[in-house]
Amino acid sequence: GGNQQGVVGVNWQVSILPVKFLSASGSGRLSDAVAAVRYSVQMGAKVISASWGGGSYAEILKTAIEEARDAGVLFIAAAGNDGTDNDSQPHFPSNYAVSNIVAVGAHDNRGGRAHFSNWGAQSVHLFAPGVNIWSTLKNARYGVMSGTSMATPHVA
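Residues numbered from 1 in each chain as written. Predicted model: local features only at pLDDT ≥ 70, side-chain atom pairs only at ≥ 80, totals over all residues. Heavy atoms only, no water.

Draft legend 1. Up close: the overall build of the chain. For the chain, the helix and strand inventory stands at 3 helices and 6 strands. Mapped in sequence order, the helices and strands of the chain form the string α-β-α-β-β-β-β-β-α. Here the C-alpha atoms of the chain give a radius of gyration of 15 Å, agreeing with the 15 Å that 2.2 N^0.38 yields for 156 residues. Every one of the 156 residues in the chain was classed for burial, and the buried ones make up 38%. Summarising the internal contacts of the chain: among those between residues at least 6 apart in sequence, 61% fall at separations of at least 24. Within the structure as shown, the chain displays about 9100 Å² of accessible surface, and the carbon and sulfur contribution to it stands at 52%. A gap of 10 Å separates the mean positions of the 10 positive and 9 negative side-chain charges of the chain. (Helix = DSSP H or I, 4+ residues; strand = E, 2+ residues; numbered from the N terminus. Rg over C-alpha atoms; globule rule 2.2 N^0.38 Å. Buried < 20%, exposed > 50% of the residue type's maximum accessible area, 1.4 Å probe, protein only. Contact = heavy atoms within 4.5 Å. Areas by Shrake-Rupley, 256 points an atom, 1.4 Å probe, with all protein chains shown as cover. Lys, Arg positive; Asp, Glu negative; His and termini not counted. Charge placed at Lys NZ, Arg CZ, Asp CG, Glu CD.)

Draft legend 2. Main features of the packing of aromatic side chains. Taken as a whole, this structure holds 6 aromatic pairs when the rule is applied. Summarising the aromatic geometry, the rings of Y57 and Y96 are spaced 5.3 Å apart at their centres and angled 70 degrees between planes, so their arrangement reads as edge-to-face. Here Y96 lies in the loop between β2 (74–78) and β3 (101–107) and Y57 lies in the loop between β1 (47–50) and α2 (59–70), a separation of 39 residues in the sequence. Look at Y57 and you get partly exposed, because its relative accessible area is 42%. Look at F92 and Y96: their rings are 4.7 Å apart centre to centre, the planes differ by 40 degrees, and that puts the pair in the tilted class. (Phe/Tyr/Trp six-rings, centres within 6.5 Å; stacked < 30°, edge-to-face > 60°.)

Draft legend 3. Fine view of the nonpolar core. Ranked by size, the top nonpolar core spans 20 residues in total, and within it V37, W52, L61, I65, F75, Y96 and I101 carry the most contacts. Non-local contacts of I65, meaning those with residues more than four positions away in its chain, are made with V37, F75, P93, Y96, V98, N100 and I101. Core analysis: the next-biggest nonpolar cluster, separate from the first, contains 8 residues, I76, A114, F116 and A128 among them. (Core = buried A, V, L, I, M, F, W, Y, C linked by side-chain atoms within 4.5 Å.)

Draft legend 4. Highlighting the pairing of strand β5 (residues 133–137). In the sheet, β5 pairs with strand β6 (residues 141–145) via 5 bridges, with the strands oriented antiparallel. Looking at the pairing, W134 lines up with V144 of β6. Here β5 folds back onto β6, and the loop between the two strands holds 3 residues, one of which, N139, carries a positive phi near 60 degrees. (Pairing = 2+ DSSP bridges.)

Draft legend 5. Highlighting a nonpolar patch on the surface. A grouping of L17, V19, Y39 and M43 is seen on the molecular surface, where their side chains present a nonpolar patch of about 330 Å² in accessible area. You can see L17 is positioned in the segment before α1 (30–42). The partly exposed category is assigned to L17, whose relative accessible area is 39%. (Patch = residues over 30% accessible without salt bridge, like charges linked within 9 Å, V, L, I, M, F, W, Y side chains within 5 Å. Salt bridge = Lys/Arg side-chain N within 4 Å of Asp/Glu carboxyl O.)

Draft legend 6. How the structure looks around the pairing of β1. Taking every second residue as pointing to the same face, the buried face of β1 carries I48 and A50, while none of V47 and S49 on the other face is buried. Examined bridge by bridge, β1 and β2 share 4 bridges and lie parallel to one another. Across the sheet, A50 pairs through a bridge with A77, a residue of β2.

Draft legend 7. Here's a closer look at the sheet that holds β2. Reading across the sheet, the 4 strands line up as β1-β2-β3-β4 and stay open at both edges, with parallel pairing between neighbours. Bordering the open sheet on either side are β1 and β4 (126–129), each of which pairs with just one other strand. Recorded for the sheet is a direction-independent mean angle of 30 degrees between the axes of neighbouring strands. In terms of strand pairing, β3 meets β4 through 4 bridges, oriented parallel. (Axes fitted to C-alpha atoms, helices over the stretch in contact; angles between N-to-C directions.)

Quick look at the structure:
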């Protein structure tokens, strides 16, 4: 931070453990998601920033998140970008009923819910900046991105 180039995060006093399990196209296997959560806990993570989601309920992933909870790890999860109510149409992993999960929706620069962001009075805990966020891109570039995957790291 402070080099007048690119972007910096909201916390300059943090260590980051990058853990990748999704392909470049954003697809991945449930077993790899579970392994990523367990690896993060094993490596001493205190917070997991889960800017991913989709698929149906999976007990094995819920169990891995519960194991993270039991190790004192927060699981910050993107609420999803379908523009739907997670109370009636669950989005996983953000909708698992586990006490260490913080489900994050996206808001715009006026504090209103982003049109694409999922919401839920019971299932989405808070909203963070997620529209037109200046971010890193592939090939050492920078650009604007939007989504609950932009909001989730703000909270984490």
